[in-house]
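Chain by chain, the residues:
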Amino acid sequence: MRAPSFDTIVRGGTVVTAADTYRADIGIRDGRIAAIGCDLPKATETIDASGLLVMPGGIDSHVHIAQPSGDGIVMADDFESGTRSALLGGNTTVMPFCLQEKGVSLREALKGYHALADGNCFTDVSFHMIVSDPTPHVLGQEMPALAEEGYTSIKVFMTYEGLRLRDDEILATLDAAKRARQIVLVHCENEDAIRYLIGRREADGDTAPFHHATSRPIAAEREATHRALSLAEIVDTPIVIVHVSNREAMEEISRARHRGQKIAGETCPQYLVLTAEDLDLEDFEGAKFVCSPPPRDKESQAACWFGLETGIFDLYSSDHCPFRFDDANGKKTEKGRQSFRWIPNGIPGVATRLPILFSEGVRTGRIDINRFVALTSTNHAKLYVLYPQKGTIAVGSDADLTLWDPDLTKIVTNDDLGHGADYTPYEGMQVTGWPLKVLLRGKLAMDRGALVLEKGSGQYLSRKRSNLLGSEPIPGS
Ligand code: DUC
Ligand code: ZN
Ligand code: ZN
């Protein structure tokens, strides 16, 4: 008897990539896509995908997991719960940040982070580095060495005392990253303006969570975005502007592109469906929505949708950064109850990222399903040099597949999301479209909300050097 040609066939679904939509079977062998065609012959296992969309697994290139947060604050997710939540939400790869604390080398930071992640993940994982202490050793020795070893993206902050870099430090970091061919992500908010406004609010007795939003106005984000783009222009290198919340920052990106700069832009679900009014809920409930930049207003939501529709944004990420609400080591920290200044900054969202964009974007006709795949998977893989191993459905690619029910209506509830936080900012929201099954490198990993694979099934992905926003990876580079 001849052995079956495939380990698994995903049969009868509608295959969706960033470019095409068509009916086909997918044959999988040794964890990779071995054939795409009609009526593929038998396999050891068959997964029925009729009535479902078969899409590349989601890639969330902006998540925070187990990140040290200071002051006794504990992030709600470790790698087990964070990647579990990602998988339940239809993702097969996440990219968390490895934070360099001041006085610590990048290598030490990475060692600690790998110790937490390795063997504990449900999805594949690849790190960005956060550079907070750009010493000559970090810039001249560590960055090039780590780029060689597959750590090819870094993030810098323009806000937060202890994390933010001065302009000359940003220039030096951009320069070093350009030489090492690492792409730089920038958090754009003007620290001095924010610090001044926080002081003013506190002096006026305005200490409730809502004033997190009033102390981080659009102008502080717009100014810092303009400055980051100017610094990148001076060094002549591309950058990624992350978590953009409003039209004015978007206009800075568009203007820079018109000047000829290569820029990637990212927005997140919170800027599409939340507003600053959510931070104004009573009984400290507004703290559940404290994140930076803060959610803005309806006009900003419309602008961010426009950016997704028209290509101002290349990436749609969750910025998953979870803290427990009802917890003195989370949102309800003793100091945080006295002033918004101390409320930990971030909200959970890795599990709800895809359903929110599908329901509010695809079902409403704002974007088509191919753009959905580009924004949630393919563009992340291309930008961060995981493509075509990840981010598409093609012969030779990893068989990371999300089987999506486009008609399933759900009410979002925290119990379904698998993260370590005790709430979701989207509780009670009705969405249509939900991931039914996920395959990770050919193996069924999630089936109707149940985990099928063990933790530790996720692998660490080291990446090639960045092509710095070139359209395609350079073969062999
Ligand atoms: N920036 C992020 O990217 N995530 C959470 C907090 C922050 O400031
Ligand atoms: Zn940030
Ligand atoms: Zn973030």
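Heads up: the structure comes first, above all this text.
Engineer: Could you give me a rundown of the site of ligand 1, with the residues and numbers involved?
Structural biologist: Neighbouring ligand 1 are the residues H62, H64, K155, F157, Y160, H187, H243, S292, D319, C321 and N345. A distance of 2.6 Å separates an oxygen atom of ligand 1 from a polar side-chain atom of K155. Within the side chain of Y160, an N or O atom sits 2.4 Å from an oxygen atom of ligand 1. In isolation ligand 1 has 240 Å² of accessible area, and contact with the protein removes 95% of it. The class makeup of the residues in the shell around ligand 1 is 3 nonpolar, 6 polar and 2 charged.

Engineer: I'd like a description of the nonpolar core, backed by residues and values.
Structural biologist: Ranked by internal contacts, the top residues of the largest apolar core, which has 95 residues, are F127, M143, I239, I241, L357 and F372. No other element matches helix α7 (residues 218–235), which puts 7 residues into this core. Among residues more than four places away in sequence, those in contact with M143 are L106, V131, V138, I154, T173, A176, A177, A180 and Q182. Grouped together as the second largest cluster of nonpolar side chains are 19 residues, I130, L163, A381 and L461 included.

Engineer: Before we move on, could you go through the coordination of the zinc ion (ligand 3) and cite the residues and values that matter?
Structural biologist: Listed as protein donors to the zinc ion (ligand 3) are H62 (NE2), H64 (NE2) and D319 (OD); their distances from the metal cover 1.9 to 2.0 Å. Mapping the donors of the zinc ion (ligand 3) onto the primary sequence gives the spacing H-x1-H-x254-D. Between the two metals, the zinc ion (ligand 3) and the zinc ion (ligand 2), the spacing is 4.1 Å. Across the pair, exposure class does not vary: H62 and H64 are buried alike.

Engineer: Explain the coordination of the zinc ion (ligand 2) to me, using residue names and the numbers behind them.
Structural biologist: Protein coordination at the zinc ion (ligand 2) comes from K155 (NZ), H187 (ND1) and H243 (NE2), with a distance range of 2.1 to 2.2 Å. Counting residues between consecutive donors of the zinc ion (ligand 2) along the chain gives the motif K-x31-H-x55-H. Owing to a relative accessible area of 2%, H243 belongs among the buried residues under this scheme.

Engineer: Quick rundown of the pattern of salt bridges? Include the residues and the values.
Structural biologist: Tallying each qualifying case throughout the model produces 36 salt bridges. R441 serves as the salt-bridge partner of D124, at 2.6 Å between the closest nitrogen and oxygen. On the criterion of sequence distance, the pair formed by D124 in strand β8 (residues 124–125) and R441 in the loop between β16 (430–440) and β17 (443–447) is long-range, its members being 317 residues apart. Each member of the pair, D124 together with R441, is buried. Here R222 makes a salt bridge to E248, at a shortest N to O gap of 2.5 Å. Note that R222 is positioned in helix α7 and E248 in helix α8 (residues 247–258), a separation of 26 residues in sequence.

Engineer: Explain the packing of helix α3 (residues 136–148) against helix α4 (residues 167–180) to me, and be specific about the residues and the numbers.
Structural biologist: Between α3 and α4, whose axes approach to 9 Å, the crossing angle comes to 40°. The angle between the axes of α3 and α4 places the two elements in the oblique class. Considering the relative orientation of α3 and α4, their crossing is right-handed. Along the contact surface, α3 presents L139, M143, P144 and A147, while α4 presents A172, T173, A176, A177 and A180. Grouping the amino acids of the contact of α3 with α4 by side-chain chemistry returns 8 nonpolar, 1 polar and no charged.

Engineer: With reference to specific residues and values, describe the packing of aromatic side chains.
Structural biologist: Tallied over the entire structure, the rule returns 11 aromatic pairs. Between the aromatic rings of Y113 and F127, the centroid separation amounts to 5.1 Å while the plane-to-plane angle is 70°, which identifies the pairing as edge-to-face. Of this pair, Y113 sits in helix α2 (residues 106–117) while F127 sits in the loop between β8 and β9 (128–130), placing them 14 residues apart in sequence. For the pair Y113 and F127, a shared accessibility class is recorded, and that class is buried. The rings of F79, Y113, F127, Y151 and Y460 are connected pair by pair, giving a single aromatic cluster. Over the aromatic face of F325 sits the side chain of K288, whose NZ or CZ is 4.9 Å from the ring centroid. Geometry around W305 places R366 over its ring, the cationic atom sitting 4.2 Å from the centre.

About the thresholds
- Residues numbered from 1 in each chain as written.
- Chains lettered and ligands numbered in written order.
- Predicted model: local features only at pLDDT ≥ 70, side-chain atom pairs only at ≥ 80, totals over all residues.
- Heavy atoms only, no water.
- Near = heavy atom within 4 Å.
- Polar contact = N/O pair within 3.5 Å; in protein donor to acceptor, adjacent residues only side chain to side chain.
- Areas by Shrake-Rupley, 256 points an atom, 1.4 Å probe, with all protein chains shown as cover.
- Nonpolar A, V, L, I, M, F, W, Y, C, P; charged D, E, K, R; others polar.
- Core = buried A, V, L, I, M, F, W, Y, C linked by side-chain atoms within 4.5 Å.
- Buried < 20%, exposed > 50% of the residue type's maximum accessible area, 1.4 Å probe, protein only.
- Helix = DSSP H or I, 4+ residues; strand = E, 2+ residues; numbered from the N terminus.
- Contact = heavy atoms within 4.5 Å.
- Donors = N, O, S within 2.8 Å, 3.2 Å for Na, K, Ca; no water.
- Salt bridge = Lys/Arg side-chain N within 4 Å of Asp/Glu carboxyl O.
- Axes fitted to C-alpha atoms, helices over the stretch in contact; angles between N-to-C directions.
- Parallel < 35°, antiparallel > 145°, perpendicular 65-115°, else oblique.
- Left-handed = near helix turned anticlockwise from the far one by under 90°.
- Phe/Tyr/Trp six-rings, centres within 6.5 Å; stacked < 30°, edge-to-face > 60°.
- Lys NZ or Arg CZ within 6 Å of the ring centre and 35° of its normal.

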